[in-house]
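Inside the fold
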Amino acid sequence: MKRLKHVLFLAIPFMLIVGGCTTSSSGDELSLDYEKYTLDNGLDVVLHQDDSDPIVAVAILVHVGSNREKPGRTGFAHFFEHMLFQRSENVPEGGFFKNIDEWGGTFNGGTWTDGTVYFEVVPKDALEKVLWMESDRMGYFINAVSLASLEGEKPVVQNEKRQRVDNQPYGHTQSVILKAMYPEGHPYNWTVIGELEDLQNATLDDVKEFYEKWYGPNNATLVIAGDIEKSQIKEQVQKYFGEIPSRGIDTPMEPQQVSLTESKSFYYEDNFASLPEIRLTYPSVEQYNPDQWALDALGQILTDGKRAPLYKAIVEEAKLAPNVRSSNGSNELAGTFTIRVRANDGVDLDSVRMVIDATLEKFDKEGFDVKDLDRIKAGLETNFYNGISSVLGKAFQLATYNEYAGSPDFVKTDIANIKAVTKEDVMRVFRKYVYNKNRIVTNFVPKGAADLAIEDALLADIKEEAIVPFKPTEVIEEEGGLVITKTPSSFDRSIEPEFSQPPLVTPPTIWTDKFANGLTVLGVEANELPLVNFSIRIKGGHYLDDPEKVGVANLMSDIMMEGTASKTPEELEDAIGQLGANIRMNTANEYIQITGNCLSRNFNSTVDLVSEILLEPRWDEEEFDRIINQTINTIQQREANPNAIAQVVRNKMLYGDGHIFSHPTIGYREHVESISIDDLKDFYSRNFAPNISNFHIAGNVSQSDVKKALSRLSSDWGSKEVEMPTYEVADTPAEPRVYFVDIPKAKQSVIQISRLTVPANDPTYDEITVANDRLGSGSAGRLFQVLREEKQFTYGAYAFPGRSSFAPSTFSAFSSVKSNVTKEALDTFKEVIGEYSDTYTEDDLNKTKTSMIKSNARNFETLNNLLGILHNISTYDLPQDYIDDQQKTVTASSIESIQATADEYFDLNNYIFVIVGDKETQYDRLRVSGAGDPILVDRYGNVTESI
């Protein structure tokens, strides 16, 4: 099904899931109920009514992406998306950043090669307000653009590029591939984020031209999905959008496939890469080309699963890498098919290439087992329903299919085309587009390891930004200030609509049960979709690790998914795939968790497999060796990731050397190399028990059916006493402690400012959460507003409390800032947090109460939301109505109570500061006399130099 690919989002860290959605299905046909109509100005409007929760999603998809940019103005579509969040004629500066959050909603925007999407999810009483704002930027934006807003947004977008590309391992790979794959002038010759130089050169005339040419209502689709009254919504849509005139271009571009006359190879020594990576990229086809669906299947068949030929050859036989990935990416104009291997330390990429080529040759001769194609098809329905579990997912699906396929109902065709793919189709497209075809080969290797690249590779041409001294941005404005000329309208658009009737929020009914062996069950029956999500959390996890052999708990969740006593790893994988189910296992600080997601009709069979996994581990020696290698590979990648490094150092300093949480869950290389499979068996025998476990379930299944499905776990899983160790945490600092980790030539500095507070079930935890709302919980928070919007130091700055039950919870403020403003950003953090209590106002309090109370409407929407509530209840020993208690805390808050909490828990003298950046240019600038002078530490927090 259609996904938005390579999307760059504006600011809020969302995972965007776009998929199918339905409120009706019959036989083999899955579809979504909707109503579509078109305004006189050409705006397509799609409505979907879903009254299961009192919320509404609004999505506007504009048919313009980076493929409409001019050479020399790369990155402009994404930059323009940012501009549209500034102000319009009737919506004041920063209205989107502040208003949506204060109305209890969430929002973002995203740009990719072929389009730009803007979206909000709000309680239904704020819908008209959203339509007012969205229509104002669609039709009444350009007169409000100023030189100051243009220049002020440039550093923000440039910071986003540094964060997403320049400061990331393998971040420049896509740029190298695109420039080699597509000729100059082709719309896919550049990345969506573009070049820093092009962004800097953008002018007001560029903004105006882009708006007039591409942002007419006739080039967009508006979708409103959720708890709506269609007749009322139609009137509001007509009022706010109907008088916006058509303008610009609304004709889709024709496909522009490419072919390569020869293969090309490139290499680059990546400052952040710790392992060599090779990618082989072939030209493929545009979206909805008849070959797309077979190519999509080929991508999964080559690498997904134990039988996958490239997996077997590279991972199991040659042992060159812990995994391999291949996929087809079909966009509006053209597509690519990519094989990617991030190899083990020191592996020569020539050897990887040779194994890939030999495997492709073998695949041409032998083909594949049709069971693998059947497994892909079996997961269609589950994936379809997962995609529609939120009103936002529904809105995205409707908008995407309407704009690119001409009908919101194209999902039926999309699914039918996937189901129609045959083995012969897969082999045909393999031979047509991949086997023995010209390709782009990229080799990204660690600094100083150019010899690992393939022999014929040329040095890639990549522009590296120099770190220069900080110079404050000059405020630029038109002479005499900007005077906004209002565009005529049939009504006064400067008047913000009122909230409609407040929504009635009905919390779900939670049922509980407990078996004789101590296994506790918590559930919510939710029947909107034929879907079930469930989990088992076994208390302990990393907390039960031996400090001298850290990483055993993490390995448990890997080895237990590799077969059972009666099923090989391949057979277990097949059994899960035939059900179209998803079963995963992971280890966290305080628990090991196994999760399941399946169609409700397959719930019993899925739980049977989970029971078998838990009660009959296989302890496969070959898989254990692979997992050890994969874990070491992951540890090496973590050691090159600035954000991961900051987290590791933070935890060491917060908890102290004597606490298990001072160690990373995944462990250390020397520890992992010493772990044997007997260590895992011992961990299992001592620490897996039903009496410290909780089963959580949300979905279309009754309490009685759940109890029946759990019969084996309740009867065959014997209880035992599990000893929970006790650890002392480090004392709270009495003065600030600052630690600096050197990442040479880093383009950004990661800043984390943290302390320990209280356990998650302490009433004070809610008070800290409330007090933080206006400080750092989102785009309306002061940290975001000052560090990003006012000073343009960063792409985003936030603060959040973590949750913990075996130790005090954390509270952290964090950001990634341009390297040359590290000191200035740190000073700003101190200023904003330090002055927060004294400057907290009645207006802050009122906005916090409105936002946190109204956002409650979104707490119960999806099965994952409901599962999260059950997790919080069991993991942190919270009452079933803990959300009501949180709301009471919000309601009872006063300026005095917020200030008291801030004085107690936001006192910077009690904080640990971790900075990960370029020592050569930034460390000396941070030096101070006395407390707060930075201490140099390595990537694990060990002091490297006496100060």
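Residues numbered from 1 in each chain as written. Predicted model: local features only at pLDDT ≥ 70, side-chain atom pairs only at ≥ 80, totals over all residues. Heavy atoms only, no water.

Looking now at the pattern of salt bridges. Within the structure shown, the criterion is met by 66 salt bridges. Notably, a salt bridge pairs arginine 431 with aspartate 364, separated by 2.6 Å at the nearest N-O pair. Residue arginine 431 is found in helix α16 (residues 423–434), and its partner aspartate 364 is found in helix α11 (residues 349–366); the two are separated by 67 residues along the sequence. Lysine 652 is the salt-bridge partner of aspartate 657, the closest N and O atoms lying 2.6 Å from each other. On the accessibility criterion, aspartate 657 (58% relative accessible area) is exposed. What makes lysine 652 buried here is its relative accessible area of 16%. Residues joined in a network through salt bridges with shared partners are Glu102, Arg774, Arg782, Asp843, Asp844 and Lys847. (Salt bridge = Lys/Arg side-chain N within 4 Å of Asp/Glu carboxyl O. Helix = DSSP H or I, 4+ residues; strand = E, 2+ residues; numbered from the N terminus. Buried < 20%, exposed > 50% of the residue type's maximum accessible area, 1.4 Å probe, protein only.)

Next up on the list: the packing of aromatic side chains. One pass over the full model with this rule turns up 47 aromatic pairs. In this structure, arginine 247 packs its charged tip against the face of tyrosine 211, placed 4.2 Å from the ring centre. When the ring centre of phenylalanine 913 is taken as reference, the NZ or CZ atom of lysine 830 above it lies at 5.7 Å. (Phe/Tyr/Trp six-rings, centres within 6.5 Å; stacked < 30°, edge-to-face > 60°. Lys NZ or Arg CZ within 6 Å of the ring centre and 35° of its normal.)

A few words on helix α31 (residues 863–875). It helps to recall that an α-helix has 3.6 residues per turn; residues three or four apart then point in one direction. Relative to the 18 Å expected for 13 residues at 1.5 Å per residue, α31 spans 18 Å between its end C-alpha atoms, a close match to the ideal helical length. Counting buried positions along α31 yields 10 of 13 residues, so the element is predominantly enclosed. Buried residues of α31: Leu863, Leu866, Leu867, Ile869, Leu870, His871, Asn872, Ile873, Ser874 and Thr875, and no others. The first or second residue beyond α31 is aspartate 877, which carries a positive phi of 55°. (Expected span 1.5 Å × (residues − 1).)

So, on to the packing of helix α9 (residues 292–303) against helix α12 (residues 370–378). It is at 10 Å that the axes of α9 and α12 come closest, and there the two elements cross at 120°. In terms of axis orientation, α9 runs oblique to α12. Where α9 crosses over α12, the handedness of that crossing is right-handed. Here Ala297, Gln300 and Ile301 of α9 come into contact with α12, specifically with Asp372, Leu373 and Ile376. Tallied by class, residues from the contact of α9 with α12 come to 4 nonpolar, 1 polar and 1 charged. (Axes fitted to C-alpha atoms, helices over the stretch in contact; angles between N-to-C directions. Parallel < 35°, antiparallel > 145°, perpendicular 65-115°, else oblique. Left-handed = near helix turned anticlockwise from the far one by under 90°. Contact = heavy atoms within 4.5 Å. Nonpolar A, V, L, I, M, F, W, Y, C, P; charged D, E, K, R; others polar.)

Moving on to the sheet that holds strand β16 (residues 511–514). With respect to topology, 6 strands assemble into an open sheet ordered β16-β17-β21-β18-β20-β19, the strand pairing being mixed. The open sheet has two edge strands with one neighbour each: β16 and β19 (582–587). Shown here is a sheet whose adjacent strand axes are inclined to one another by a mean of 15°, direction ignored. As paired strands, β19 and strand β20 (residues 591–599) are joined by 6 bridges and run antiparallel to one another. Directly across from asparagine 586, in β20, lies its bridge partner glutamine 593. (Pairing = 2+ DSSP bridges.)

This part takes up the nonpolar core. Within the largest apolar cluster, 101 residues are counted, with the highest numbers of intra-cluster contacts made by Leu298, Ile314, Ile339, Val352, Ile356 and Leu360. Considering each element in turn, this core owes the most residues, 8 residues, to helix α14 (residues 391–405). When near neighbours in sequence (up to four residues on either side) are disregarded, isoleucine 314 contacts Lys319, Leu320, Ala321, Val324, Val341, Val355 and Ile356. Membership of the second largest hydrophobic core comes to 61 residues, among which are Leu555, Met556, Ile576 and Val610. (Core = buried A, V, L, I, M, F, W, Y, C linked by side-chain atoms within 4.5 Å.)

Spatial strand order, β24-β25-β23-β26-β22-β27: 6 strands in an open sheet with mixed pairing. Sheet topology places β24 (794–801) and β27 (935–937) at the edges, where each strand pairs with a single neighbour. Strand-to-strand twist in this sheet, taken as the mean axis angle between neighbours without regard to direction, amounts to 20°. Strand direction decides the pairing type here: strand β23 (residues 748–756) and strand β25 (residues 810–818), joined by 9 bridges, are antiparallel. Looking at the pairing, glutamine 752 lines up with phenylalanine 814 of β25.

Along helix α5 (residues 173–181), the residues classified as buried are Thr173, Val176, Ile177, Leu178, Ala180 and Met181. Buried residues along α5 sit in contact with β10 (264–270), β11 (277–283), β13 (335–342) and β14 (440–446).

Our next topic: the pairing of β23. With 9 of 9 residues buried, β23 lies mostly within the body of the structure. Here β23 runs beside strand β26 (residues 912–917); their pairing, made up of 5 bridges, is antiparallel. Following the sheet pairing, isoleucine 753 is matched in β26 by phenylalanine 913.

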